[in-house]
Amino acid sequence: MRLSIELMGEDVSSARQRVLDWYDCNARVLPWREGPGAALKADPYRVWMSEVMLQQTTVPHATPYFEKFTTLWPSVSALAAAPDERVMAEWAGLGYYSRARNLLKCARAVVSEHGGVFPADEGALLKLPGFGPYTAAAVIAFAFGKAANVVDGNIERVMSRLYAVKTPVPQARPLLRELAARWVREDRARDWPQALMDLSASVCRPKSPSCLICPLREDCAAFAEGQPEAYPLKAAKAPKPVRHGVAFLIMSEDGFVVERRPDKGLLGGMLGLPHLEWRSEVWSEGEIVFPSVHHGNEAWENLGTYAHVFTHFALKQQVWRVVLSTKDMTAFLRQHNAYQGLSWGEAKSLPTAFAKALRPK
Ligand code: SF4
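Only a predicted model underlies this, so the values are computations on that prediction, with no experimental measurement involved. (Residues numbered from 1 in each chain as written. Predicted model: local features only at pLDDT ≥ 70, side-chain atom pairs only at ≥ 80, totals over all residues. Heavy atoms only, no water.)

Looking at the environment of Glu218
In step 1: Structurally, Glu218 can be placed in the loop between helix 11 (191-202) and helix 12 (221-225).
In step 2: Along the primary structure Glu218 and Gly286 are separated by 68 residues, whereas in three dimensions their C-alpha atoms are 67 Å apart.
In step 3: Setting aside its immediate chain neighbours within four residues, Glu218 contacts Met1, Arg2 and Arg18. (Helix = DSSP H or I, 4+ residues; strand = E, 2+ residues; numbered from the N terminus. Contact = heavy atoms within 4.5 Å.)

Structure representation (structure tokens):
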């Protein structure tokens, strides 16, 4: 049966069963989870801890931290009583330190508001510090074995392929959640998201999915199309706007002229070359008002244009150079208080956006 976005009531039971059968033989062994069909309830504390640690962190990196934390603090009450500095110190190296702060806040809230027992209710979990929809659904499914729509980036990828979703991410996220929800059942509620995650990790991989051994092959619309790795589609990034500038390299054999940029704004407080406004139109030579440096026969020379990409725009900047004698440079700087001289040896203190002007293409 080929899956379709349009058929809301489509029966996915047999495809779901095939994935669970595959999971029964291929489940990953992870220290925080129960294996396929586990009769025992997993410990919500361990499930929660693992989910917090796995945010933005790989399984191999998070595993030793998980083992250390659950040995040092085997229960949520033990963690809640731990000194902040100790927990932060043990977290060192795992990154994203706001997670550690929320971990402690949450442990203390579970103790003070829920008597040291995680509530088995998605709404109540969502009120705890650091809990978002994903973590709450994961604890409900993995720890309490109840049906919950657990959707992470990996499950999004599988759904986008199964249904060949043509809307790019991130806009497709609500649709992908909705598609994932069609597969959620009370039957093996804990195993289902784990099965899908394991499938996404070892078969439906981002770059080279192993479709030929996939239990969902005959259902998968992206496989039928022949290019499953193209999904999920990514929105094309809007090209950055281009601005054009003119920088002045006023130099002598000793160094060159710079100005201190205003504290506020782009490259605030840093040194830069004197330059004209960065605007959307290219500066024509006739428009350029050059700084008045002329004491003799010095001539401005166009060295070319270089490019630099800022976060919000791309800069194309012409570089015009004039070479002064040491004596004329001293006179120039005396007349222009806004400028200062920088020796060639100090050129590395320029931000890249201007350092490139010293070696224009
Ligand atoms: S058939 Fe290929 S693309 Fe489709 S779900 Fe399986 S591994 Fe992913």
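A few points about the site of the ligand
In step 1: Neighbouring the ligand are the residues Arg161, Val203, Cys204, Pro209, Cys211, Cys214, Arg217, Cys220, Phe223 and Pro228.
In step 2: Among the residues forming the shell around the ligand, the class breakdown is eight nonpolar, no polar and two charged. (Near = heavy atom within 4 Å. Nonpolar A, V, L, I, M, F, W, Y, C, P; charged D, E, K, R; others polar.)

Some remarks on the packing of helix 9 (residues 153-162) against helix 11
In step 1: Interaxial distance between helix 9 and helix 11 falls to 9 Å at its minimum, and their mutual angle equals 80°. Considering their axes alone, helix 9 and helix 11 lie roughly perpendicular with respect to each other. For the pair helix 9 and helix 11, contact is made by Asn154, Ile155, Arg157, Val158 and Met159 and by Pro193, Leu196, Met197 and Ser200, respectively.
In step 2: The residue inventory of the contact of helix 9 with helix 11, partitioned by class, reads six nonpolar, two polar and one charged. (Axes fitted to C-alpha atoms, helices over the stretch in contact; angles between N-to-C directions. Parallel < 35°, antiparallel > 145°, perpendicular 65-115°, else oblique.)

A look at the packing of helix 2 (residues 44-54) against helix 6 (residues 98-114)
The packing of two helices is summarised by the inter-axis angle and the distance between the axes.
In step 1: Contact geometry for helix 2 and helix 6: axes closest at 10 Å, N-to-C directions at 160°. With respect to each other, helix 2 and helix 6 are oriented roughly antiparallel. The interaxial crossing formed by helix 2 with helix 6 has right-handed handedness. From helix 2, Trp48, Met49, Val52, Met53 and Leu54 reach across to helix 6, where they touch Arg99, Leu103, Cys106 and Ala107. (Left-handed = near helix turned anticlockwise from the far one by under 90°.)

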